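Here is what each chain is made of, one letter per residue.
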Amino acid sequence: MVDFLRDRGIDGSTIVEIGGGVGEIQIELLRAGASHATNLELSATYEDDARALALEAGVAERIDRRLHDIAEEPASVESADVVVLHRVVCCYGDYRRLLSSAADHARQVLVFSYPPHNIGVSAFYVCFNLVMRLARCSFRGYSPPPEVMRAVLEEHGLQRTYEHRGSVWRIAAHERLESMPESTSPC
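Residues numbered from 1 in each chain as written. Predicted model: local features only at pLDDT ≥ 70, side-chain atom pairs only at ≥ 80, totals over all residues. Heavy atoms only, no water.

To continue, consider the overall build of the chain. A tally of helices and strands in the chain yields 6 helices and 7 strands. In sequence order, the chain lays out its α and β elements as α-β-α-β-α-β-β-α-β-α-α-β-β. A globule of 187 residues ought to have a C-alpha radius of gyration of about 16 Å, and the chain, at 16 Å, matches this closely. Along the longest, intermediate and shortest principal axes, the C-alpha atoms of the chain span 45 × 40 × 35 Å. For the chain, with 187 residues in total, the buried portion stands at 45%. (Helix = DSSP H or I, 4+ residues; strand = E, 2+ residues; numbered from the N terminus. Rg over C-alpha atoms; globule rule 2.2 N^0.38 Å. Buried < 20%, exposed > 50% of the residue type's maximum accessible area, 1.4 Å probe, protein only.)

With respect to the helices, strands and loops of the structure, Leu177 is situated in the segment after strand 7 (170–176). A relative accessible area of 47% means that Leu177 is categorised as partly exposed. On a C-alpha basis, the gap between Leu177 and Val109 in space is 9.7 Å, while along the polypeptide they are 68 residues apart. Not counting residues within four places of it along the chain, the set of residues in contact with Leu177 comprises Gly157 and Gln159. (Contact = heavy atoms within 4.5 Å.)

This part covers the sheet that holds strand 2 (residues 36–41). With respect to topology, 7 strands assemble into an open sheet ordered 3-2-1-4-5-7-6, the strand pairing being mixed. Two strands in the sheet have a free side with no partner beyond their single neighbour: strand 3 (63–67) and strand 6 (158–165). This sheet shows a mean twist of 15 degrees between the axes of neighbouring strands, independent of strand direction. Sheet analysis places strand 5 (residues 106–114) next to strand 7, joined by 6 bridges and oriented antiparallel. Bridge pairing in strand 7 links Val109 to Glu175. Packed onto the sheet, helix 4 (residues 95–105) meets strand 1 (14–18), strand 4 (80–85), strand 5, strand 6 and strand 7 and runs at close to 145 degrees relative to strand 5. (Pairing = 2+ DSSP bridges. Axes fitted to C-alpha atoms, helices over the stretch in contact; angles between N-to-C directions.)

Here we come to helix 2 (residues 24–31). Looking at helix 2, one finds that the buried residues are Ile25, Gln26, Ile27, Leu29 and Leu30. Of the surrounding elements, those touching the buried residues of helix 2 are helix 1 (2–8), strand 1, strand 2, helix 3 (47–57), strand 3 and strand 4. Where helix 2 ends, the next residue or the one after it, Gly33, has phi of about 125 degrees, a positive value.

Structure below.
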């Protein structure tokens, strides 16, 4: 994700990272030239480590960390040049609403990672969710079909321009059609 965005060029860009955890990606993007990052998180458990990491990297003053669900309250989040969702779609029950809100906030590009959608991953999530239910934990995992996620982003004016198929995670970038150079052709 970071390499794709760095190669694409992010000097002066604003970033919204949804579910950024301790913030490694946004810190790397700030080091690569982004001007400001907003991290939207659902859990406060990362805050102390995130603050320490940002201070150590010398970018704390350029990061705004908020406990906020963008899918529930999209209007209270400013748009950004780049929206990042790393290992988030698999943790959110309503991927359509999450991706719709994320897409609406991406002025130029949205990049996200997701698990492959196959029988092995589906079986994993069935077992994982059963264990979570037995442990009385409300957290669940999901593996939405990539073509459906892509359709949601296309409905919001984003076109896929990059895809990477790793052994465990897939990464896809989608860009605004009007911001794509004429010589760029989507994957």
